[in-house]
Amino acid sequence: EAVVQAVKGQTGTVLLSESTPKQELPPQLYDLTTLQRDANRLLNFTAQKTLKVAQSLYETHKAITYPRTDSRYLPNDMLGPAKQAMLNLNEPYKALVPGAMPEGKLKYSRRIFDNTKVSDHHAILPTTKKTDVDKLPPDEKRLFDLIARRLLAAFYPAHTYDALKVVTGAGGHTFRTTGRSVTETGWKKVYEGIE
């Protein structure tokens, strides 16, 4: 309250203003553990429920690849199948595909493709089979959504922003204000309006 009284009616002076460019790289593809973690945080699924729903997507609906994997990478020869899986996604994902495949090409990245980080099974992704998402049961639809969006996001460019810091002086006191100004939405576009 004393500080409020000291600065009330005072004109602030900007003592320092900094802008630092930063970036957040796209997320990696899902392994079972990270899928369970996100499904718990975003869908309120337990780890067991996530596994059960993922197994249903894999066995019954043939909509995703083998879910019991500890790898977040794809083998180097999976560029074609990853591209085909993306192209076979229907709405609402189809509108997001061009951002992941500029000029119709899927870019090779060591953050995604690495033979040395794949053992028995690669990262979880939608299969190349066309899946009518609207015909999936509700839980399967929600989990498939996470997996499809993660595949797209992994190929999007980085999210870039300026980290802002302003120090203002008024009435003998200093105040620090921080924020960010987005310069390129990048991979976060895939998640707009859902998180």
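First, a word on scope: everything that follows refers to the structure included in this document. From a predicted model like this one, the values you see are computed outputs, not experimental measurements.

A few words now on the sheet that holds strand β3 (residues 173-184). Across the sheet, 3 strands lie side by side as β1-β2-β3; this open sheet has antiparallel pairing. Strand pairing shows two members of the sheet lacking a second neighbour, β1 (13-24) and β3, which therefore form its edges. The sheet shows a mean angle of 15° between the axes of neighbouring strands, direction not considered.

Throughout the structure, instances matching the rule amount to 10 salt bridges. One network of salt bridges, in which partners are shared, links E24, R180 and K188.

Relative to each other, helix α3 (residues 47-59) and helix α6 (residues 138-155) sit at 90°, their axes nearing to 9 Å. In terms of axis orientation, α3 runs roughly perpendicular to α6. On α6, the residues that touch K49, T50, V53, A54, S56 and L57 of α3 are D139, E140, L143 and F144.

Conventions adopted
- Residues numbered from 1 in each chain as written.
- Predicted model: local features only at pLDDT ≥ 70, side-chain atom pairs only at ≥ 80, totals over all residues.
- Heavy atoms only, no water.
- Pairing = 2+ DSSP bridges.
- Helix = DSSP H or I, 4+ residues; strand = E, 2+ residues; numbered from the N terminus.
- Axes fitted to C-alpha atoms, helices over the stretch in contact; angles between N-to-C directions.
- Salt bridge = Lys/Arg side-chain N within 4 Å of Asp/Glu carboxyl O.
- Parallel < 35°, antiparallel > 145°, perpendicular 65-115°, else oblique.
- Contact = heavy atoms within 4.5 Å.

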